[in-house]
Amino acid sequence: MIPFRLFALLILAMGLACGPAHADRRVALVIGNSAYKSAPKLGNPANDATLVGGMFKKAGFDSVDVRLDLSASEMRRMLREFAARTRDAEMAVIYYAGHGIELDGTNYLIPTDASLETDGDVLDETIPVERALYAVEPAKQLRLIILDACRDNPFAKSMKRTLASRAIGRGLAKVEPTSPNTMIAFAAKAGSTASDGDSRNSPFAAALVEHLPKPGLDLRKAFGFVRDDVLKSTGYKQEPYVYGSLGGDDVPLVAKQAPTGPQANPQEAVRRDYELALQLATRDGWEAFLAAYPDGFYANLAKGQLNKIGAEETRASAEQKARAAEQEKARLISERAQKAEQEKAAAAAKAAEEARIAAEKQKQIEQARAEAAEHQRKLAEAAAAKALAEKQAAEKAKAELAAKQAAEKAEQVAKPAADRQMPEVENQKVAALSPGTASTLSAADLAKSIQSELRRVGCLTSSAESEWSSAAQRSLTLFNKYAGTQFDVKLASLDALDALKAKPGRVCPLVCNFGFKADGDQCVKISCRAGYRVGDDNECEKIPEKKPVATRDESRRRDTERKQTESAPSKPEASGQIYCSSTGCRPVQKGCRLVNGVVFGRGSPNGATGGNYEVCN
């Protein structure tokens with residue numbers, strides 16, 4: 001138990017070093033006796049004391065002293081020191097787990113070095129419960145003693161009776177405190193015994209840890225819930241009892257407080273205890289940590305550390321067996337043992353060596369797992385701290401932005417009145433251009449500077465002006481859209497100017513007029529090859545062929561010519577002359593005429609023809 005005591009002392013030292021320099025307000029003494037020298041060892045008191053002590057620490061007690069396996073002199077010294085701490089305390093609590101005995105109606109707590117061979121030894125080797133009542137007496141508000149000592153007592157069966165009339169009861173006797181605001185809680189009612197249960201902790205201790213630290217819960221009601229839980233878990237065989245009385249006001253073990261400001265990380269105390277156990281690096285230290293924190297992320301890490309220690313113990317045991325086997329082998333060889341014995345010893349040595357190698361490998365595996373788990377723990381803690389810092393920074397930035405925007409709006413509202421009263425300082429508005437840098441700009445200069453920056457980032461096409469016009473507002477709207485900002489477009493603010501200056505290049509896309517296209521940061525005219533022109537979609541398209549279309553004037557002209565032709569007399573198709581030949585007569589064809597004379601080569605043997613003949617052009 002020495003490593004665990006060192007663990008408890010380290011926790012107490014940290015509390016004394018980091019605690020405030022004022023008197024303790026709530027103090028607790030926790031004692032767990034398991035390793036009795038003259039009786040079988042109890043399994044749960046040490047675990048129960050560690051669990052309850054952790055509960056008081058989590059409940060915010062100013063001083064929590066956890067002590068295990070105390071002798072009679074140590075118990076008297078701890079009660080004497082605890083009585084000194086309760087003088088300036090509001091609440092004082094003593095929890096005891098171990099053996100107790102009732103003799104002639106008086107209850108006694110049994111230290112680990114008690115032998116109790118006779119009933120008279122009870123007065124010399126034990127601590128009366130009245131001594132614990134005396135230790136909590138100076139507390140002002142609450143004096144509470146919790147006795148988980150109603151177990152079946154082995155000393156009562158073996159001790160000799162010096163007086164036949166002296167009564168040794170079963171369990172502990174009923175106690176009625178005489179001081180006000182004093183309560184004594186028993187794990188079982190008077191005359192009955194308590195059960196240790198089947199787990200690491202007794203049903204009574206588990207129920208205490210579940211209900212006592214609830215903020216704002218009155219102790220009387222909390223012990224009522226403890227009673228109900230213990231009855232259910234023990235099949236209604238064990239019933240806790242509370243003696244004493246309190247006033248009409250609620251007396252919670254942990255006051256209910258409204259959260260103010262950033263809340264402390266609930267895992268901070270667990271992390272500190274884990275790091276202390278990590279410094280000890282002993283099995284007792286890790287078992288004590290798991291008794292206080294049986295579940296959760298750090299509990300899994302602690303289990304990994306226990307596995308690592310178990311692997312080391314297995315390896316050391318295998319190495320010791322291998323060394324013993326080698327020594328046995330050497331002894332047999334030196335004594336000239338028979339060959340069979342030597343072979344048997346050699347086989348045992350080989351098996352032991354193989355077991356040692358396997359244990360060494362297992363140790364390395366467990367060590368690697370523990371290191372990996374420790375690495376994950378540090379990463380998780382760093383991520384949690386980073387997330388908390390980012391959240392706080394975001395909330396602070398949000399509050400500062402809201403305050404700045406409210407100040408700017410108030411300044412814009414107050415500006416007209418200020419302009420009427422002080423026209424000579426109209427253009428001397430002072431504003432902060434960036435964090436840590438102050439500059440003085442007039443409203444006109446600010447508007448013109450913002451428009452110049454809007455032109456630079458491609459959100460304004462017109463020239464910069466001294467007035468905050470509708471065109472400037474539309475340009476700032478485009479900047480909000482493409483830059484992902486939410487500036488008020490109706491006002492020219494310094495925040496908007498800072499955001500624009502922070503952009504190194506174009507933000508708004510380049511928009512060109514019809515017939516032009518974007519080429520880098522400029523608009524160039526679109527050139528189409530012959531037979532093509534710029535279409536409605538601002539792309540080159542082929543020029544369609546034109547079909548003749550009759551106009552109204554041409555229609556009128558054709559109608560007039562047609563009417564004139566129809567009204568004019570028809571021209572003769574022939575000349576009016578008749579040409580007769582041997583074949584008959586017919587009119588002279590148009591364009592022809594009759595000629596009188598002789599034409600050679602026509603109608604006579606000598607080639608000459610007389611009379612009329614037809615000549616055509």
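Look up a bit, the structure's there.
Because the structure is predicted, anything quoted here is derived from the model rather than measured.

Caption draft 1: Looking closely at the pattern of salt bridges. Overall, the coordinates contain 26 salt bridges when judged by the stated rule. Between Lys 174 and Glu 176 there is a salt bridge, with its nearest N and O atoms 3.6 Å apart. For Lys 174, a relative accessible area of 52% gives the class exposed. When the shortest N-O distance is used, the salt bridge between Arg 271 and Glu 268 registers 2.2 Å. Residue Arg 271 and its partner Glu 268 are both found in helix α9 (residues 268–280); the two are separated by three residues, about one turn of the helix. Among the charged side chains, a network of salt bridges with common partners joins Glu 268, Arg 271, Glu 275, Glu 374, Arg 377 and Glu 381.

Caption draft 2: Representation of the packing of helix α2 (residues 45–58) against helix α7 (residues 203–211) within the structure. α7 packs onto α2 with a crossing angle of 5° between their chain directions and a minimal axis gap of 10 Å. Comparing the axis directions of α2 and α7 gives the class roughly parallel. Contacts from Asp 48, Leu 51, Val 52 and Met 55 in α2 reach Ala 205, Leu 208 and Val 209 in α7. Among the residues forming the contact of α2 with α7, the class breakdown is six nonpolar, no polar and one charged.

Caption draft 3: Molecular detail of the packing of aromatic side chains. Going through the model one piece at a time under the given rule, you end up with nine aromatic pairs. Measuring from centroid to centroid gives 5.4 Å for Phe 186 and Tyr 243, while their planes differ by 80°, and the two rings are edge-to-face. A residue pair is termed long-range when its members are at least 10 positions apart, and Phe 186 in strand β8 (residues 182–186) and Tyr 243 in strand β9 (residues 241–245) qualify at 57 residues. As far as burial versus exposure is concerned, Phe 186 and Tyr 243 are alike and both buried. A centroid spacing of 5.2 Å and a plane angle of 55° characterise the contact between Tyr 274 and Trp 286, whose relative ring orientation is tilted. Highlighted residues: Tyr 274 in helix α9 and Trp 286 in helix α10 (residues 283–292), separated in sequence by twelve residues. Of the two residues, Tyr 274 and Trp 286, both sit in the buried class. Here the aromatic cluster, defined as three or more aromatic residues joined through ring pairs, consists of Tyr 274, Trp 286, Phe 289, Tyr 293, Phe 297 and Tyr 298.

Caption draft 4: Expanded view of the state of the cysteines. This model, assessed by the stated rule, comprises two disulfides. What pairs with Cys 459 in a disulfide is Cys 508, and their sulfur atoms sit 1.7 Å apart. Here Cys 459 and Cys 508 share a disulfide; its torsion about the S-S bond, 85°, makes the bridge right-handed. Highlighted residues: Cys 459 in the loop between α13 (443–456) and α14 (470–483) and Cys 508 in the loop between α15 (494–501) and β12 (516–519), separated in sequence by 49 residues. We note that Cys 459, like Cys 508, is buried. A sulfur-sulfur distance of 2.0 Å marks the disulfide that ties Cys 528 to Cys 540. Taking the torsion about the S-S bond as the criterion, the Cys 528 to Cys 540 disulfide, at about -85°, is left-handed. With a gap of twelve residues between them, Cys 528 in the loop between β13 (522–525) and β14 (532–534) and Cys 540 in strand β15 (residues 540–542) connect regions that are remote in the sequence. What makes Cys 528 partly exposed here is its relative accessible area of 27%.

Caption draft 5: A look at the nonpolar core. Core analysis: the biggest nonpolar cluster contains 81 residues, and Phe 56, Ile 94, Ile 146, Leu 147, Leu 212, Phe 223 and Leu 253 have the highest contact counts within it. The element best represented in this core is strand β3 (residues 91–97), accounting for seven residues. Not counting residues within four places of it along the chain, the set of residues in contact with Leu 147 comprises Tyr 96, Leu 109, Val 129, Leu 172, Ile 184, Ala 185, Phe 186, Ala 187 and Phe 204. Leu 476, Phe 479, Leu 494 and Val 507 belong to the second largest nonpolar core, which has 19 residues in total.

Caption draft 6: Examining the sheet that holds β3 more closely. Pairing in this open sheet of six strands is mixed, and the strands run β2-β1-β3-β7-β8-β9 from one edge to the other. Two strands close off the open sheet at either side, each with one partner strand: β2 (63–68) and β9. Shown here is a sheet whose adjacent strand axes are inclined to one another by a mean of 10°, direction ignored. Inspection of the sheet shows strand β7 (residues 142–148) paired to β8 by five bridges, in the parallel sense. Residue pairing for β8: Leu 144 is matched across the bridge by Met 183. Taken strand by strand, α7 contacts β3, β7 and β8, and its axis lies near 150° from that of β7.

Quick notes on the rules
- Residues numbered from 1 in each chain as written.
- Predicted model: local features only at pLDDT ≥ 70, side-chain atom pairs only at ≥ 80, totals over all residues.
- Heavy atoms only, no water.
- Salt bridge = Lys/Arg side-chain N within 4 Å of Asp/Glu carboxyl O.
- Buried < 20%, exposed > 50% of the residue type's maximum accessible area, 1.4 Å probe, protein only.
- Helix = DSSP H or I, 4+ residues; strand = E, 2+ residues; numbered from the N terminus.
- Axes fitted to C-alpha atoms, helices over the stretch in contact; angles between N-to-C directions.
- Parallel < 35°, antiparallel > 145°, perpendicular 65-115°, else oblique.
- Contact = heavy atoms within 4.5 Å.
- Nonpolar A, V, L, I, M, F, W, Y, C, P; charged D, E, K, R; others polar.
- Phe/Tyr/Trp six-rings, centres within 6.5 Å; stacked < 30°, edge-to-face > 60°.
- Disulfide = S-S within 2.5 Å.
- Core = buried A, V, L, I, M, F, W, Y, C linked by side-chain atoms within 4.5 Å.
- Pairing = 2+ DSSP bridges.

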